[in-house]
Amino acid sequence: MLTSSRPPLAVMALAAIAVASVAGAESTPISTHQATTHVMRYHLALPVGWSARHAWPVLVVVPDAKREFEANLARFVAARGARPYILVAPEVLSCGGARTRTADQYAYTPAEWARLGGGDDFAFDEAGVAAVLSDVHGHWNGEARAFLTGWEAGGHTVWALALRHPERWRGVAPVTPNYQRRGLAPAAFSRNADRATLPIQPLRCATADPALLRFTDQQTALALNDARSHGFRPQPVRVVAGTQHGPLPDAVLAWCDSLRGARP
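Figured I'd write up the structure that's included with this text. (Residues numbered from 1 in each chain as written. Predicted model: local features only at pLDDT ≥ 70, side-chain atom pairs only at ≥ 80, totals over all residues. Heavy atoms only, no water.)

**A look at the overall build of the chain**
Helix and strand counts for the chain stand at seven helices and nine strands. Evaluated residue by residue, the chain yields a buried proportion of 53% over its 264 residues. In the chain, the share of contacts with a sequence separation of at least 24, taken over all contacts with a separation of at least 6, comes to 77%. (Helix = DSSP H or I, 4+ residues; strand = E, 2+ residues; numbered from the N terminus. Buried < 20%, exposed > 50% of the residue type's maximum accessible area, 1.4 Å probe, protein only. Contact = heavy atoms within 4.5 Å.)

**Let's talk about the packing of helix H4 (residues 121–140) against helix H5 (residues 154–164)**
Any two packed helices are characterised by the angle at which their axes cross and by the distance between the axes. With their axes 11 Å apart at the nearest point, H4 and H5 run at an angle of 65° to one another. Taken as axis vectors, H4 and H5 run roughly perpendicular relative to one another. For H4 against H5, the interelement crossing comes out right-handed. Facing Phe122, Ala123, Asp125, Glu126 and Val129 of H4, the residues of H5 in contact are His156, Thr157, Ala160, Leu161 and Arg164. In terms of residue class, the contact of H4 with H5 is made up of five nonpolar, two polar and three charged. (Axes fitted to C-alpha atoms, helices over the stretch in contact; angles between N-to-C directions. Parallel < 35°, antiparallel > 145°, perpendicular 65-115°, else oblique. Left-handed = near helix turned anticlockwise from the far one by under 90°. Nonpolar A, V, L, I, M, F, W, Y, C, P; charged D, E, K, R; others polar.)

**Thoughts on the nonpolar core**
Residues Ile86, Val136 and Trp169 are the most contacted members of the largest nonpolar core, which totals 48 residues. Secondary-structure elements contributing two or more residues to this core are strand S3 (41–45), strand S4 (58–62), strand S5 (86–90), H4, strand S6 (146–151), H5, strand S7 (169–175) and helix H6 (210–229). For isoleucine 86, the contacting residues outside a window of four places in its chain are Leu44, Ala45, Leu46, Pro47, Trp50, Trp56, Pro57, Val58, Leu59, Val136, Trp140 and Gly142. Counting residues in hydrophobic clusters, the runner-up holds 23 residues, among them Val77, Leu248, Val252 and Cys256. (Core = buried A, V, L, I, M, F, W, Y, C linked by side-chain atoms within 4.5 Å.)

**Quick notes on H5**
Most of H5 is tucked away: 11 of the 11 residues are buried. Residues of H5 that are buried sit in contact with S4, H4, S6, S7 and H6.

**A closer look at the side chain of serine 51**
Structurally, serine 51 can be placed in the loop between S3 and S4. Overall, serine 51 belongs to the buried group, its relative accessible area being 10%. In terms of polar contacts, serine 51 uses its side chain to reach the backbone amide nitrogen of arginine 53, at 3.3 Å. (Polar contact = N/O pair within 3.5 Å; in protein donor to acceptor, adjacent residues only side chain to side chain.)

**So, helix H2 (residues 69–80)**
Under the 1.5 Å per step criterion, the end-to-end length of H2 is 17 Å for 12 residues, consistent within 8% with the ideal 16 Å. Among the residues of H2, those classed as buried are Phe69, Asn72, Leu73, Phe76, Val77, Ala79 and Arg80. Looking straight down H2, one finds that the buried residues subtend no more than 170° of arc, so they occupy a single side. Buried-residue contacts for H2 involve S3, S4, S5, S6 and helix H7 (249–260). (Expected span 1.5 Å × (residues − 1). Arc of directions from axis to C-beta.)

The structure is reproduced here in C-alpha cells:
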C-alpha cells in the first residue's frame, strides 16, 4: 500500500499505466496518502481506465463509528464496477459517538496526533477534507465538486460537511444517518446561495433493528428540519427496498449516476 504526501508525477504516471492495464477488471487497488497541506490521511481508489486526459467524478465515503475507512471504501470499490468515480475515504475524526480521537482506529502517528490541535473535530475535518479534495483535483484530475456519502454515525460528519459548505458538493447522500447537531451551532450553517440547489437525498435501509431505525429516523427528521429552516432543500427519505443496515454502496452510486445523467 502506497503512503505518501504529494504524489510525484512518476508515481501518478505508473498508477495510470497500472490502472489502464487492467481495463475490464471489477476493482482497482486502494492506496493511502496524506494531504499535501494538512495532516489528514485518506484512502483512494482510482477507476478502471483512469488517465489524466479528462476530469473524473469523485465520491467521498465516510464510515460508521467503527471507523473502518479502508474496508468501508472497499465495499464501494466492489460496487463501482466500470463506473468512472474516483473513490476517497478521508480519515475524519467526527464519524463516531462520544469517543473521538481514538488512536487505535486511525493511521495517524503519535507525532501527527500531537499536531491535531484542540478538540474541535469538525474544524479539523472541514479543513482536512478541503485539503484532500484539493489533492484529488490537482493530482488525479477529480472534478472540482465531489459527491458525499456516509452511514450511521458517519452521518454526523456528512451533515456537518454538507450544511457548513454546500458549495463543495455535487450531491450528498446520508445513509440511515445519525444527527445530533454536532458541529452545527446556528452560526455554522452556510448562507451560500448553493444551499438551495444542493441535491441532498437521505437513503435508508429497509431492514435493521427496529430500535435503531426509530433512533435514526428521529435524527434524520431533525436534520431535514434544520436543513430546511436554513435554506437547504433536501429530498424526503427514500427507503431502499431489500437492503439491510450498511453503507448501501449500490444505491448511493446509482443515485450519483442519476445526477450525472449517466447509466450504471
